Amino acid sequence: MLKVSVVVPTYQTPPEGLKRLVASLNRQTMPAEEFEVVFVDDGSPDDTPARLREIQETRPNVRVERIENSGWPSKPRNVGVDLARGEYIAFMDHDDELYPDALRAAHAFAVAHRSDVVNGKEARTSVPGWAIAVYTADEPQSIGNPDRHPLLPMNPHKLYRRDFLLAHDIRFPEGRKVMWEDIFFNVQVARHAQVISTLSTVPYYHWVTTEGSGSTTFVKTRDDYWYWLEQVYEYIEEQLAGDENRLQREQLLMHQYSYRVLGAFDLKYVSRSERNREFIFEHCRRLQAAHGMTQFDDRVGPSRRLRSELLQAGDRTLLEEVCRTDASVPGWGRARELRWEDGRLRVAVDIEWSDSQGRRPALERRDGRIHKVVSDEVRAAVTEAALDVTDDLAKATASLAVHSRRSRIAWPVPSETRVEIVDGPGDAVGLSARLVAELDPAVAALGAALTPATHWDLNLRAKLGNGTTQRGVRTEIPASVTVTGGAAHLIYPNDGGSATLIPGGQVEAVRRLTPVSVEAGADGEVRIRLSGVHDGDGDVATSVGVYGPRRAVTTVPAVLAVSAGVATLRVPQGSKRLRLRVGDRTPGAPLWWNVVRTREGVALTPGAEPPRPKPPKRVKRPAPTVGALVRRLRARAGGLLRRLGLRR
């Protein structure tokens, strides 16, 4: 038996998306003879089937099946389950990718723990903090976790045991349009699974977000959105009935209520038309009443509870007022300290909760407790519990993470946060917070080393009430390196003003550290002292760019040496004058530095100013052909049909 069957439903798949998916399968550490790929095309009218056949012809482990158009990914996935021969099934969307060790690691983890499902670490292109709170450690058994449901996030990007799916006849619901089909599928899984494992230490799946990708049919101002959301509620209640399923049932119901019902009442809500505001309000109120969702009021936090109580009271005017005045305030941080010590980065961040207009949470002391500041009308319409945020403030947290620009994977960094209440004028209060952390690049990926020569942005994940934001840590602290383990790790302020770490960043360090002085060394070598205070003691190989005629750049080997906190760049000088590309990526730096031998020794002077960006040239495009016009019209017609819900 094959170890894994990768099932991929396709429909008018973008060429670049399919290439990305296939390339990720080609990179798998699991040998190709141990897994298969089953493409099930849902009657694509374009050249997708032809491209799939080309892939099949060059790969013996690929199978292509074409079916009549069903209108939704459910049937192709179900056909793939029937065709699969692997011990486990991995579902993929047609433009995503697996990380290189995904199949091998997930299968080995599943076999070791007899898992029905493995929920592998997932990243999402456009969301740096995507599911980072889920993947904090490897868990052989996640069922019974009181903090979260074991299948969150509820998409099908997981590894499922094939015999388990067949034994319980678990399938995706079929139809021309079945919104949240992955939730229906995973609710069946939750009902029957005995072991659901979480694999966090090995990156598994990259949910790729590109321009124009994602569903355009999940629109809150349409009836089908609320019809299918109600079906989700009813299905959860039906499939997970009974005391033995109480924890999972309540986790899923509360998740839907908190994010899809109460979460609808945000700043965007009040910008909608009068008709759409009423439409959403009435649907949410009906769902709330039909399924007794107020039972979760004491668990969703004061901001959501405030909305829940006003929704139950049927007071849309006050609810809209709350949407404007009680909007979620993001948290952000500025580095107070970024300092290397014995190869580890010491981090201290001052944290503030405020939006782009400088608005902060409106809070006040009342009767020894801390409450939201609301109008007298809102206060009279809700309970004290909906306004009392004392306990919520005590639970306010912030944590550090490193996020790869290349792979989009994020790893949490152990950190400590102290949140303090600061008295303001009168009864007003504010928040002050400080985070401290220690980051060791050798173990920062949950015990493994961070990928070297990769840009890892330091992100602050700040949580206050129901609002969670993840943003880059702002910094003006100069760049510095530590030399350890035969490599130089670099921390520097990037061009956007946030902190970035590059393990094994000795090449980038040459361009981020500014020359301070120069002296002649032995054997015609020049030694350039670089700016900053550094850590470690040793030499590492690097390279430096040398400008030649017409500003052509060649690269020559060099040595970056650190001793007693001082970094020195040693470069062989083969000619009397060198134009070195050093420190050119620091703000306002010259394009190069001149190193010139004189009778007195060696002189160092700045070279050309940074080049000004040239305006882009306007390129005259040829008139489109008739075929191109036809394809463009078809694409627009397809987009219109998808928005109308007539095509997925």
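As a starting point, this report considers the structure included with it. Just so we're clear, the structure is a prediction, and the values are computed from it rather than from any experiment. (Residues numbered from 1 in each chain as written. Predicted model: local features only at pLDDT ≥ 70, side-chain atom pairs only at ≥ 80, totals over all residues. Heavy atoms only, no water.)

1. Quick notes on the environment of Pro-9
Relative to the elements of secondary structure, Pro-9 occurs in strand E1 (residues 2-10). Between the C-alpha atom of Pro-9 and that of Asp-388, which follows or precedes it by 379 residues, the distance is 48 Å. (Helix = DSSP H or I, 4+ residues; strand = E, 2+ residues; numbered from the N terminus.)

2. Notes on the packing of aromatic side chains
The tally for this structure, following the rule as stated, stands at 16 aromatic pairs. Arranged with centres 3.9 Å apart and planes meeting at 5°, the rings of Phe-172 and Phe-185 form a pair that is stacked. Residue Phe-172 is located in the loop between helix H5 (162-167) and helix H6 (181-192), and its partner Phe-185 is located in helix H6; the two are separated by 13 residues in the primary sequence. For Phe-172, a relative accessible area of 2% gives the class buried. (Phe/Tyr/Trp six-rings, centres within 6.5 Å; stacked < 30°, edge-to-face > 60°. Buried < 20%, exposed > 50% of the residue type's maximum accessible area, 1.4 Å probe, protein only.)

3. Digging into the sheet that holds strand E2 (residues 35-41)
In space, the eight strands of this open sheet follow the order E3-E2-E1-E4-E7-E6-E8-E5, with mixed pairing throughout. The sheet is open, and its two borders are formed by strand E3 (62-66) and strand E5 (97-98), each paired with just one other strand. Here strand E4 (residues 86-91) pairs with strand E7 (residues 159-161) via three bridges, running antiparallel. From the neighbouring strand, Tyr-88 faces E7, where its bridge partner is Arg-161. Of the strands in this sheet, E1, E2 and E3 touch helix H2 (residues 48-57), which is tilted by about 155° from E3. (Pairing = 2+ DSSP bridges. Contact = heavy atoms within 4.5 Å. Axes fitted to C-alpha atoms, helices over the stretch in contact; angles between N-to-C directions.)

4. Brief notes about the packing of helix H7 (residues 223-239) against helix H8 (residues 246-261)
At a minimum axis separation of 9 Å, H7 and H8 run at an interaxial angle of 160°. On the basis of the axis angle, H7 is roughly antiparallel to H8. Crossing of H7 over H8 shows left-handed handedness. Residues Tyr-225, Trp-226, Leu-229, Val-232, Tyr-233, Ile-236 and Glu-237 of H7 lie in contact with H8, whose contacting residues are Arg-249, Leu-252, Leu-253, Gln-256, Tyr-257, Arg-260 and Val-261. (Parallel < 35°, antiparallel > 145°, perpendicular 65-115°, else oblique. Left-handed = near helix turned anticlockwise from the far one by under 90°.)

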